[in-house]
Amino acid sequence: MRPFTQVDVFTDEPAPGLGNPVAVVHDAAGLDDAAMQRFARWTNLSETTFLLPPEDPSADYRLRIFTAARELPFAGHPTLGSARAWLEAGGRPRGEHVVQECGAGLVRVRRDPDVAGRLAFAAPPLVRSGPVDEDLLDRLRRGLGLAADDVVDAAWTDNGPGWVSLLLRDADAVLAVRPDWSALDGLDVGLVGPHPDGGPATVEVRAFAMASVAAEDPVTGSLNAGLAQWLQASGRVPAAYTAAQGTALGRRGRVHVQRVGEDVWVGGGTVVGVSGRALV
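Bear in mind that the values here come from a model prediction, so they are computed numbers and not experimental data.

Draft legend 1. Inspection of the pairing of strand β13 (residues 203–209) at higher detail. Most of β13 is tucked away: seven of the seven residues are buried. Every second residue of β13 is oriented toward a common face, with V203, V205, A207 and A209 on one face and E204, R206 and F208 on the other, all of them buried. Where strand β12 (residues 188–194) and β13 come together, seven bridges link them in antiparallel fashion. Each residue of the ladder has a partner; that of P194, found in β13, is V203. As paired strands, β13 and strand β15 (residues 240–245) are joined by three bridges and run parallel to one another. Bridging across to β15, V205 finds its partner in Q245. The pairing of β13 with strand β14 (residues 216–217) spans two bridges and is classified as antiparallel. Each bridged residue has a counterpart across the sheet, and for A207 the counterpart in β14 is D217.

Draft legend 2. Structural context of unusual backbone geometry. A positive phi is found at F10, a non-glycine position, where the angle reads about 65°. F10 sits in the buried class, given a relative accessible area of 0%. With phi around 50°, D27 is a residue other than glycine that occupies positive phi space. Note on placement: D27 falls in the loop between β2 (20–25) and α1 (33–43). Classification of D27 as exposed rests on a relative accessible area of 54%.

Thresholds, definitions, all that
Residues numbered from 1 in each chain as written. Predicted model: local features only at pLDDT ≥ 70, side-chain atom pairs only at ≥ 80, totals over all residues. Heavy atoms only, no water. Buried < 20%, exposed > 50% of the residue type's maximum accessible area, 1.4 Å probe, protein only. Helix = DSSP H or I, 4+ residues; strand = E, 2+ residues; numbered from the N terminus. Pairing = 2+ DSSP bridges.

Now the structure itself:
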């Protein structure tokens, strides 16, 4: 039996159920890959994480992140949810920020001094960026039921999971998409479109995590991090903005993005939903 926490991430609501949940197993030293993958399949969540002692002396802990099908080098909502679980269990960072060690390297996590429970991670560098070739773009349009003029731009926004993203003309176009899952098999696809000025969110985001399972992810930190780096570099969004995600699934996810110098901070609220012990 090991300590276990389930955290709802990227929600500004005081109760869980409207963000994206992550299962966090504490004190996971001694578990092998097969045991971690088996437990991740059992939780049936988009990601399950395992907290381990750090190997890098500058890190506060090491994190392994599993979907039901594979291990990821980095993912956003598991990063924030795991940091919240670690802090709730009495973790104390060595320095100003929590420092997570994961497959993508060291990731800094900061606490918002003004909003209780809100955390943000510093977006890791993109491992693949730039334009999407025409053959893949045509496949994406067909798989998403889009006409050529529906797509304003497309780019790789991959910081580990493999995201390729399309900018659509507006938020309504994003919400209207009904994907053909089989046509997108093996891809992780992000969609983004602007909301009208003056609303509670600047953009609407959707994420289709096809490389793991045929499913839409409720709220996605890694995708929002890649989108922010792409859209801010091209001047399409301001230095600070809010993204809405999960609307199509009945969630009310909110991702708060802020560029400070060279850092892009991607944050949101975290709510502890379940705390106890797990047989793993």
